[in-house]
Amino acid sequence: MLAQLGSTQFEIAPLNAHELSHDGTADFVEKPVIGTRPPLEFVGEGSDTRRISCRLFPERFGGMSSVEGLQKQRQAGRALPFMRGDGRALGWYAIERITQKDTYLGPKGVGRVVEVDIDLKRGDAAGGGSVFSIIAGLI
């Protein structure tokens, strides 16, 4: 397993995650002062985004059902646990966008090569983040 997002596993086949990227930011506010560059005050973590880039070969290995499952998870709008293949938990992420590009279309209109980019945004566990909201989601 290369990675796992919610119930979806990314493996060599059928859903091949060939690239993972991460963009973390910090937020600052400028304090205006006379005669010098304004000092910056750290106000906390900024947005934390990740992208999973996948390539599928549906005619040979399938995998379109995994993309459909990801779309359903995106539509649900809930944060999902994200884990790297070595078992390291990376946090809770909501699927912000899924971009699909079919190339070399076959006779049924499905691409012989399908490239999928999944954009994730860091969120709280189960949409709320508190222990109470996690328990409430389980009941």
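Please read all numbers here as calculations on a predicted model, not as lab measurements.

Visitor: Sorry if this is basic, but what is going on with the confidence of the model for the chain here?
Guide: Caution applies to low-pLDDT regions: their predicted coordinates should not be interpreted in detail. Mean pLDDT over the chain works out to 89, with 90% of the residues at or above the 70 mark. When the elements of the chain are averaged for pLDDT, helix 3 (residues 131-138) gives the smallest value, 45, and strand 6 (residues 89-105) the largest, 96. Predicted confidence for residues 129-139 stays below pLDDT 50, and this span has six contacts to residues more than four positions away or in other chains.

Visitor: Sorry, what's going on with the environment of E19 here?
Guide: Position of E19 among the secondary structure elements: in strand 3 (residues 16-30). Given the relative accessible area of 44%, E19 is considered partly exposed. In this view, E19 contacts R51, I52 and S53; residues no more than four positions away in its chain are not counted.

Visitor: Help me out: how do you make sense of helix 2 (residues 64-76) in this one?
Guide: Side chains of residues three or four places apart in an α-helix project in the same direction, reflecting 3.6 residues per turn. If you check helix 2, its first and last C-alpha atoms are 19 Å apart, about what 13 residues at 1.5 Å a residue would give, namely 18 Å. Of the residues making up helix 2, those classed as buried are V67, L70 and Q73. The arc enclosing the buried residues of helix 2, seen along the axis, measures out at 115 degrees, which places them on a common side. Exposed and facing more than 90 degrees away from the buried side of helix 2 are S65, E68, K72, Q75 and A76. Of the surrounding secondary structure, the elements contacted by the buried residues of helix 2 are strand 1 (3-5), strand 2 (8-10), strand 4 (40-56), strand 5 (80-84), strand 6 and strand 7 (111-123). Positioned one or two residues after helix 2, G77 has a phi angle of 70 degrees, which is positive.

Visitor: What exactly am I supposed to notice about the side chain of Q4 here?
Guide: Relative to the assigned elements, Q4 resides in strand 1. Here Q9 takes part through its side chain, which lies 3.3 Å from a polar atom of the side chain of Q4. Q4 has contacts with Q9, F10, P81, F82 and M83, leaving out every residue within four places of it along the chain.

Visitor: Is there a simple way to explain the pairing of strand 4 in this structure?
Guide: Here is the key point about a regular strand: its side chains alternate between the two faces of the sheet. Note that strand 3 and strand 4 share 13 bridges and pair antiparallel. When the bridges of strand 4 are listed, E30 appears paired with L40. Bridge count for strand 4 against strand 7 is eight bridges, and the pairing is antiparallel. Following the sheet pairing, C54 is matched in strand 7 by V116.

Visitor: Hey, could you run me through the packing of aromatic side chains in this one?
Guide: Ring pairs (aromatic) are described by centroid distance and by the angle formed between their planes. Considering all chains together, one arrives at two aromatic pairs under this definition. Aromatic pair F82 and Y93: ring centres 6.0 Å apart, planes at 80 degrees, arrangement edge-to-face. A residue pair is termed long-range when its members are at least 10 positions apart, and F82 in strand 5 and Y93 in strand 6 qualify at eleven residues.

Visitor: Sorry if this is basic, but what is going on with the side chain of R50 here?
Guide: As for its placement among the helices and strands, R50 is situated in strand 4. Here R50 occupies a buried position and makes no salt bridge, while the nearest side chain of opposite charge, D48, is found at 4.8 Å. Looking at R50, its side chain comes within polar contact range of the side chain of Y93, at 2.9 Å. Setting aside residues no more than four positions away along its own chain, R50 makes contact with S21, H22, F82, L90, Y93, I118, D119 and L120.

Basis of the calculations
- Residues numbered from 1 in each chain as written.
- Predicted model: local features only at pLDDT ≥ 70, side-chain atom pairs only at ≥ 80, totals over all residues.
- Heavy atoms only, no water.
- pLDDT = per-residue confidence, 0-100.
- Helix = DSSP H or I, 4+ residues; strand = E, 2+ residues; numbered from the N terminus.
- Contact = heavy atoms within 4.5 Å.
- Buried < 20%, exposed > 50% of the residue type's maximum accessible area, 1.4 Å probe, protein only.
- Expected span 1.5 Å × (residues − 1).
- Arc of directions from axis to C-beta.
- Polar contact = N/O pair within 3.5 Å; in protein donor to acceptor, adjacent residues only side chain to side chain.
- Pairing = 2+ DSSP bridges.
- Phe/Tyr/Trp six-rings, centres within 6.5 Å; stacked < 30°, edge-to-face > 60°.
- Lys, Arg positive; Asp, Glu negative; His and termini not counted.
- Salt bridge = Lys/Arg side-chain N within 4 Å of Asp/Glu carboxyl O.

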